[in-house]
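So the chains spell out like this:
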There are 2 protein chains.
Amino acid sequence: MLSCLVLTAGCWQGAPWPTLRPIGTIETCFTEKFATPRQGAVVPDALARLKLDTLEDGVDARAALDGLEAYSHVWLVWAAHLNGHAAARAKVQAPHLRGGRTGVFATRSPFRQNPLGLSLVQLRGIQGDTVLLSGVDLVSGTPVIDLKPYIPAYDAPAPGSTCRTADWVDPPTLPVRFTPEATAALERLRPAASKSHTPGLLDAASLRSTLEQSLAADPRPLYRWRRDGGDGAEYSVRVDGVRVLATICDAAVTVQRLGMDDEDCDTTSV
Amino acid sequence: MLSCLVLTAGCWQGAPWPTLRPIGTIETCFTEKFATPRQGAVVPDALARLKLDTLEDGVDARAALDGLEAYSHVWLVWAAHLNGHAAARAKVQAPHLRGGRTGVFATRSPFRQNPLGLSLVQLRGIQGDTVLLSGVDLVSGTPVIDLKPYIPAYDAPAPGSTCRTADWVDPPTLPVRFTPEATAALERLRPAASKSHTPGLLDAASLRSTLEQSLAADPRPLYRWRRDGGDGAEYSVRVDGVRVLATICDAAVTVQRLGMDDEDCDTTSV
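Everything numeric in this text was worked out from a predicted model, so none of it was measured. (Residues numbered from 1 in each chain as written. Chains lettered and ligands numbered in written order. Predicted model: local features only at pLDDT ≥ 70, side-chain atom pairs only at ≥ 80, totals over all residues. Heavy atoms only, no water.)

**So, the overall build of chain A**
Each helix and strand counted, chain A has six helices and 14 strands in total. Split into buried and exposed, the 270 residues of chain A put 52% on the buried side. For chain A, the exposed surface amounts to about 11000 Å²; the carbon and sulfur share of it is 51%. (Helix = DSSP H or I, 4+ residues; strand = E, 2+ residues; numbered from the N terminus. Buried < 20%, exposed > 50% of the residue type's maximum accessible area, 1.4 Å probe, protein only. Areas by Shrake-Rupley, 256 points an atom, 1.4 Å probe, with all protein chains shown as cover.)

**Section: the pairing of strand β5 (residues 73–79) of chain A**
Residues and elements named next belong to chain A. Of all seven residues in β5, seven are buried, a share of seventy percent or more. Of the two faces of β5, the one carrying His73, Trp75, Val77 and Ala79 and the one carrying Val74, Leu76 and Trp78 are both buried. The sheet contact formed by β5 and strand β8 (residues 116–127) spans seven bridges and is antiparallel. Bridging from a neighbouring strand, Val74 pairs with Val121 of β8. Judged from the five bridges that link them, β5 and strand β10 (residues 143–149) form a sheet pairing that is antiparallel. When the bridges of β10 are listed, Leu76 appears paired with Leu147. (Pairing = 2+ DSSP bridges.)

**What to know about the interface of chain B and chain A**
Chain B puts 87 residues into the contact, and the matching count from chain A is 88 residues. If you look at where chain B meets chain A, you find six salt bridges. Here B:Lys91 ties to A:Asp66 by a salt bridge, and the two come within 3.0 Å at their closest N and O atoms. Summed over the shared surface of chain B and chain A, the number is 32 residue pairs in polar contact (both at pLDDT 80 or more). Of all the elements in the fold, those that place two or more residues in the side of chain B that touches chain A are β1 (5–6), α1 (61–64), β5 (73–79), β7 (102–103), β8 (116–127), β10 (143–149) and α2 (152–155) of chain B. (Contact = heavy atoms within 4.5 Å. Salt bridge = Lys/Arg side-chain N within 4 Å of Asp/Glu carboxyl O. Polar contact = N/O pair within 3.5 Å; in protein donor to acceptor, adjacent residues only side chain to side chain.)

**Some points on helix α3 (residues 180–189) of chain A**
Restricting attention to buried positions, one finds in α3(A) the residues A:Ala182, A:Ala185, A:Leu186 and A:Leu189. One side of α3(A) holds all its buried residues, which, seen down the axis, span an arc of 105°. (Arc of directions from axis to C-beta.)

**Focus on the packing of aromatic side chains**
Under the criterion given, the structure shown has five aromatic pairs over all chains. Where B:Trp75 meets B:Tyr150, the ring centres are 5.8 Å apart and the plane angle is 55°; that geometry is what we call tilted. Here B:Tyr150 lies in the loop between β10 and α2 and B:Trp75 lies in strand β5, a separation of 75 residues in the sequence. Classification of B:Trp75 as buried rests on a relative accessible area of 0%. Grouping aromatic residues by their ring pairs yields a cluster made of A:Trp75, A:Tyr150, B:Trp75 and B:Tyr150. For A:Arg208, the ring lying beneath its charged end belongs to A:Phe178, and the centroid distance is 4.1 Å. (Phe/Tyr/Trp six-rings, centres within 6.5 Å; stacked < 30°, edge-to-face > 60°. Lys NZ or Arg CZ within 6 Å of the ring centre and 35° of its normal.)

**Examining the pattern of salt bridges**
Enumeration according to the criterion identifies 22 salt bridges over all chains in this entry. B:Asp218 is the partner of B:Arg220 in a salt bridge, and the nearest nitrogen-oxygen pair spans 2.8 Å. In this structure, B:Arg220 and B:Asp218 share a single accessibility class: buried. Close ionic contact of B:Asp228 with B:Arg224 constitutes a salt bridge, the shortest N to O distance being 3.0 Å. One end of the pair, B:Asp228, and the other, B:Arg224, are both in helix α5 (residues 222–228), four residues apart, so they sit about a helical turn from each other. The exposure class assigned to B:Asp228 is buried, which follows from its relative accessible area of 13%. Assessed through its relative accessible area of 16%, B:Arg224 is described here as buried. In this structure, a network of salt bridges that share partners links the residues A:Arg112, B:Asp146 and B:Lys148.

**Side note on the relation of the copies chain B and chain A**
Placing chain B over chain A gives an RMSD of 0.0 Å and needs a rotation angle of 180°, together with 0.0 Å of translation along the axis. The symmetry that links the two subunits is that of a two-fold axis. Most of the interface of chain B is mirrored in chain A, where 100% of its interface residues are also at the interface. (Least-squares fit on C-alpha atoms with pLDDT ≥ 70 in both.)

**Some details on the sheet that holds strand β4 (residues 47–51) of chain B**
One closed barrel accounts for six strands, arranged β3-β4-β9-β8-β5-β10 (chain B); its pairing is antiparallel. Averaged over all neighbouring strand pairs, the angle between strand axes comes to 45°, with direction disregarded. (Axes fitted to C-alpha atoms, helices over the stretch in contact; angles between N-to-C directions.)

**Notes on unusual backbone geometry**
All names here are of chain B. One non-glycine residue, Asp250, lies in positive phi territory at about 55°. Located in the positive-phi region is Ala251, a residue other than glycine, with phi close to 60°. Mapped onto the fold, Ala251 is located in the loop between β13 (242–249) and β14 (252–260). In this structure Ala251 comes out as partly exposed when scored by relative accessible area, which is 48%.

**Concerning the packing of α3(A) against helix α4 (residues 204–216) of chain A**
Residues and elements named next belong to chain A. Their axes nearest at 9 Å, the elements α3 and α4 cross at an angle of 140°. Classified by the interaxial angle, the pair formed by α3 and α4 is oblique. The residues of α4 that touch α3, namely those facing Thr183, Leu186 and Glu187, are Ala204, Leu207 and Arg208. When its residues are assigned to classes, the contact of α3 with α4 shows three nonpolar, one polar and two charged. (Parallel < 35°, antiparallel > 145°, perpendicular 65-115°, else oblique. Nonpolar A, V, L, I, M, F, W, Y, C, P; charged D, E, K, R; others polar.)

**Topic: the confidence of the model for chain A**
Residue and element names in this part refer to chain A. Residues of chain A with pLDDT of at least 70 account for 84%, and the chain-wide mean is 83. When mean pLDDT is taken per element in chain A, strand β11 (residues 176–178) scores highest with 96 and helix α6 (residues 264–267) scores lowest with 40. A low-confidence stretch, residues 194–198 stays under pLDDT 50, and its non-local contacts, those more than four residues away or across chains, total six contacts. Low pLDDT, under 50, characterises residues 264–270; the predicted model gives this stretch 15 contacts beyond four residues in sequence or across chains. (pLDDT = per-residue confidence, 0-100.)

**Section: the sheet that holds strand β12 (residues 231–239) of chain A**
Residue and element names in this part refer to chain A. The mixed open sheet is built from four strands, whose spatial order is β11-β14-β13-β12. If you trace the sheet from one side to the other, it starts and ends with β11 and β12, each paired once. Direction aside, neighbouring strands of the sheet carry axes that sit 30° apart on average. Pairing between β12 and strand β13 (residues 242–249): eight bridges, direction antiparallel. Within β13, the position partnered with Val239 by the bridge is Val242. Each of β11, β13 and β14 (252–260) is contacted by α3, which is oriented at about 40° to β14, the strand it contacts most.

**Remarks on the environment of B:Val104**
On the secondary structure map, B:Val104 appears in the loop between β7 and β8. The spatial distance from the C-alpha of B:Val104 to the C-alpha of B:Arg89 is 7.7 Å, given a sequence separation of 15 residues.

**Remarks on the side chain of A:Ser119**
Mapped onto the elements, A:Ser119 comes out in strand β8. Owing to a relative accessible area of 0%, A:Ser119 belongs among the buried residues under this scheme.

Here it is, written out as structure tokens:
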């Protein structure tokens, strides 16, 4: 969808700015914004693949990744391509603020002056021109602009130094449980990773933990939280080709049912 | 210099990508690439001011910063506007590799597919539309694209998890000493921050520690390191309006002399 990004105007040592392009499009277990975690650390089991397929002409993606395997974690800089509107407001309503507003630069909201996202994710491996990742918070298809190694000496406050954050950014998680029906469906749909009949990234155990982690973080956007309150509202969640029906009631989540997203007979009931 | 950045081509929910602009230009104590640290953590005493002066029309910079004071550290996403050439190579020679080459994505080199930098810096205060920072690694005048709060739960590996980096990225520092002549000049030039006769950011003690930290990290680019070896070569360093002459010999740095950059009588000897 996004073919290139251009830094225009101004000068670059007297010459026009170079054209910027996504280095690749990420494939993740999340295909919808709803239930995609707000940060990668929220769902450490979320898997993804990043294929470096749009480098400049003549740049060998495999060579550009050479040496990256020495690192356990990497940064993804990405474009918030699903923002439905331009971000021209000074203050935003973060979901955890529950209706309060704060300066956009005091948040990680994707609706910001420049819709770039930053995610620390775990590097699981490199296969040719493809990077295997976990702990991602990106909707499948998000254009990735840059990949940088995580270096604690540069990317974390010095040991012992004071680190403060706003008190609203890291709320407690919700308990999540599966009904027996949902658990049985999970085992039926994903008997084992090696035997999976889907092209998905997750086996049964990973899918379950990914769902648990994602739902525990209360994925409701503000308008749903406001509309539904805590009163047993139903949410349809799609993760890695599986459609899930969950309810949130009394600050707890219950996964009620699940089925393959492409199986009409299963999903109609969901 | 850089007036705007445009994300072009592709679609953004069917519409053209929005125009991106630097949120401001940073003013730091470093006016040249040489001796500007490679990462902010290297020189924690390096001070800077970021004035948010180029937000979209109608966006109040003061409001956009509201709430940011709750955080002790912030990310800067910036454009490597001093890159003298396009980065179209898959492998780069990082100075610490001493001539070896590695994949560009295994480095924090500014010469990358998309010349965006990422720096964790300390937030010292907010004054209206201006953010006061320390531990910066940016040449004064660098366009800043985004400012995000640092949130340990998102931006650091989970406590207890394994974190690996390449073994070349964090070399030991060099010892730095000042000659009596340099120390005397420092005290003469900067008797106290409040009485400073320069528009600089640093008082005598901060200038000294900033110089020490910057030089200890061996700021020589690869070509100087190769050319000069360890044999007493002289380096001219400019920090916060002060011109410094230092020598690097036998893996140690000596600050020989210093003078105001704009005082011909002092700087001619430097």
